[in-house]
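Per-entry structural report
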Amino acid sequence: MSYPHKIAAAHDDPTLMFNHTCLRIKDPSKSIPFYQKHFGMELLNKLDFPEMKFSLFFLSFPKDNVAKNSEGKNDVFSTSGILELTHNWGSENDADFKICNGNEEPHRGFGHICFSYADINAACSKLEAEGVSFKKRLTDGRMKDIAFALDPDGYWIELIRYDRENSPKKDVGSRFNHTMVRVKDPKASLEFYQNVLGMKLLRTSEHEAAKFTLYFLGYKVSSEDNEFSHEGVLELTHNWGTENEADFKYHNGNDKPQGYGHICVSCKDPAKLCNEIEQTYGDKIQWAPKFNQGKLKNIAFLKDPDGYSIEVVPHGLIV
């Protein structure tokens with residue numbers, strides 16, 4: 001599958017941004033304090049949906065001048081670096097309920113979220129002193145400047161530093177840097193995210209010995225940031241050869257067993273964006289639902305070549 005045509009509504013829209021990443025959680029009484037206490041994230045907003053029996057929690061690292069929506073609440077849809085945690089009511093009381101973290105066979109797909117720091121050693125020392133579990137500590141393995149912590153549901157949180165060449169000259173605080181998903185065919189995925197959603201390829205990292213390549217994409221990086229301190233980066237991981245396996249498929253996080261939900265892009269006029277995508281690509285794009293046609297209005301969900309969901313919402317969305 002190919003996506004050769006650029007969507008003007010994506011490429012010409014300076015308001016378009018990578019807004020949030022959604023993860024399902026089992027117990028908010030554990031997950032919310034975990035991200036607040038150990039990482040210093042703030043709860044910007046909570047939305048309850050009694051009819052559908054779920055709640056959404058929106059967290060981020062401290063931000064200056066968070067915009068307000070028309071109801072006077074924090075507008076979580078007009079900034080980057082948002083973590084959305086979705087709780088389906090009652091899961092905390094189900095002893096057999098377990099989140100799929102995306103890294104265990106046969107359900108690999110989503111890989112991790114990543115937080116970046118000026119001082120990675122201090123950050124990891126703090127987490128270890130507080131009893132946070134690790135998949136990989138800084139001292140483990142060959143790579144001594146990357147660690148992976150584990151949240152209460154077993155999701156991997158990569159921890160990296162941004163004090164490197166061409167980095168900010170000062171400590172700009174903790175950043176929700178990127179979200180990683182594995183992809184089967186990088187050509188199709190890169191065309192989709194660049195041509196359909198207007199992202200830019202920021203960096204490519206090839207690892208010949210381990211036979212995989214990383215592609216980092218995002219929207220405009222400010223002059224005060226670099227790719228490692230920027231919020232709203234998407235990392236695509238390609239394990240060589242998967243594109244040649246006809247039956248190969250990654251788990252998208254929304255099929256059973258569930259875990260990862262989606263990433264979200266937001267802009268001022270998502271109707272225009274979605275309409276142009278639909279007019280240009282027709283049935284080559286799978287929607288679930290199309291813009292403004294679901295139970296929740298003024299949003300859409302489309303799927304990428306691997307079946308991962310991307311939500312599209314307006315800035316200032318009221319739900």
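Keep in mind that this is a model prediction, so the values were computed, not measured.

1. Description of the sheet that holds strand E15 (residues 309-314)
With respect to topology, 7 strands assemble into an open sheet ordered E2-E3-E4-E1-E13-E15-E14, the strand pairing being mixed. Edge positions in the sheet fall to strand E2 (42-49) and strand E14 (300-303), since each has one partner strand and no second. Pairs of neighbouring strands in the sheet enclose a mean axial angle of 25 degrees, with direction left out of account. Here E2 runs beside strand E3 (residues 54-60); their pairing, made up of 7 bridges, is antiparallel. The residue bridging Lys46 from the neighbouring strand is Phe57, located in E3. Sitting on the sheet, helix H5 (residues 270-281) is in contact with strand E13 (260-267), E14 and E15, with an inclination near 140 degrees to E15.

2. Some thoughts on the state of the cysteines
Inspection of the entire model under this criterion finds 0 disulfides. With no disulfide of its own, Cys114 lies 11 Å from the sulfur of Cys124, the closest cysteine sulfur. Cys114 gets classed as buried once you look at its relative accessible area, which sits at 0%.

3. As for the nonpolar core
Ranked by internal contacts, the top residues of the largest apolar core, which has 66 residues, are Tyr35, Phe39, Phe115, Leu159 and Tyr193. Setting aside anything within four residues of it in sequence, one finds Tyr193 in contact with Gly198, Met199, Leu217, Leu234, Leu236, Ile263, Asp304 and Ile310. The next biggest cluster of nonpolar side chains, apart from the first, holds 14 residues, and it includes Leu56, Phe58, Ile82 and Ile299.

4. Things to note about the pattern of salt bridges
As enumerated under the stated definition, the model contains 12 salt bridges in all. Between Lys126 and Glu130 there is a salt bridge whose closest N-O contact spans 3.0 Å. Accessibility expressed as a relative area gives 29% for Glu130, which makes it partly exposed. Across the pair Arg161 and Asp145 runs a salt bridge, and its minimum N-O distance is 3.7 Å. Of this pair, Arg161 sits in strand E8 (residues 156-161) while Asp145 sits in the loop between strand E6 (134-136) and strand E7 (147-150), and the two are 16 residues apart along the sequence. Residue classification places Asp145 among the partly exposed residues on the basis of a relative accessible area of 25%. Within the structure, one salt-bridge network assembled from shared partners comprises Asp145, Arg161 and Asp163.

5. Quick notes on the packing of aromatic side chains
All told, the structure shown has 17 aromatic pairs when counted by the stated rule. Relative to Tyr193, the ring of Phe192 has its centre 5.0 Å away and its plane inclined at 85 degrees; by these criteria the two rings are edge-to-face. Across this residue pair, the class does not change: Phe192 and Tyr193 are buried. Among the aromatic residues, those joined into a ring-pair cluster are Phe34, Tyr35, Phe39, Phe61, Phe115 and Phe176. Positioned above the aromatic ring of Tyr3, the side-chain terminus of Lys284 is 5.4 Å from the ring centre.

6. Things to note about the sheet that holds E7
On the basis of which strands lie adjacent, the open sheet formed by 8 strands has the order E6-E7-E8-E5-E9-E12-E11-E10 and mixed pairing. Across the chains shown, the open sheet's two edge strands, defined by having one partner strand only, are E6 and strand E10 (200-207). Across the sheet, the axes of successive neighbouring strands diverge by a mean angle of 25 degrees, strand direction being ignored. In this fold helix H3 (residues 120-129) packs onto strand E5 (110-117), E6, E7 and E8, with an angle of close to 145 degrees to the strand it touches most, E8.

Definitions and limits used
The numbers attached to residues start from 1 for each chain and follow its sequence in the written order. Local features in this predicted model are restricted to residues whose pLDDT is 70 or higher, and side-chain atom pairs enter the listing and the counts only when it is 80 or higher, whereas totals over whole chains, interfaces and linings include all residues. Each side-chain value is derived from all of the structure's non-hydrogen atoms; neither hydrogens nor water enter the calculation. Strand pairing is defined by DSSP finding a minimum of two bridges between the two strands. A run of H or I in DSSP becomes a helix once it reaches four residues, and a run of E becomes a strand once it reaches two; helices and strands are each numbered from the N terminus. Every angle, taken between N-to-C directions, lies between 0 and 180 degrees, and every axis is a line fitted to C-alpha atoms, over only the stretch in contact when it is a helix. Whether two residues are in contact is decided by their heavy atoms, any of which lying within 4.5 Å being enough. Any two cysteine sulfur atoms within 2.5 Å of one another count as a disulfide. The buried label goes to any residue with under 20% of its type's maximum accessible area, the exposed label to any with over 50%, and the partly exposed label to all in between, with areas taken from a 1.4 Å probe on protein chains only. Only buried Ala, Val, Leu, Ile, Met, Phe, Trp, Tyr and Cys residues count toward a nonpolar core, and they belong to the same one when joined by side-chain atoms within 4.5 Å. A pairing counts as a salt bridge when a side-chain nitrogen of Lys or Arg comes within 4 Å of a carboxyl oxygen of Asp or Glu. Only the six-membered ring of Trp is used, alongside the rings of Phe and Tyr, when aromatic pairs are assigned; centres must lie within 6.5 Å, and planes under 30 degrees apart are stacked while those over 60 apart are edge-to-face, with the rest tilted. Should the NZ of a Lys or the CZ of an Arg lie within 6 Å of a ring centre and within 35 degrees of the ring normal, that charge is described as sitting over the ring.

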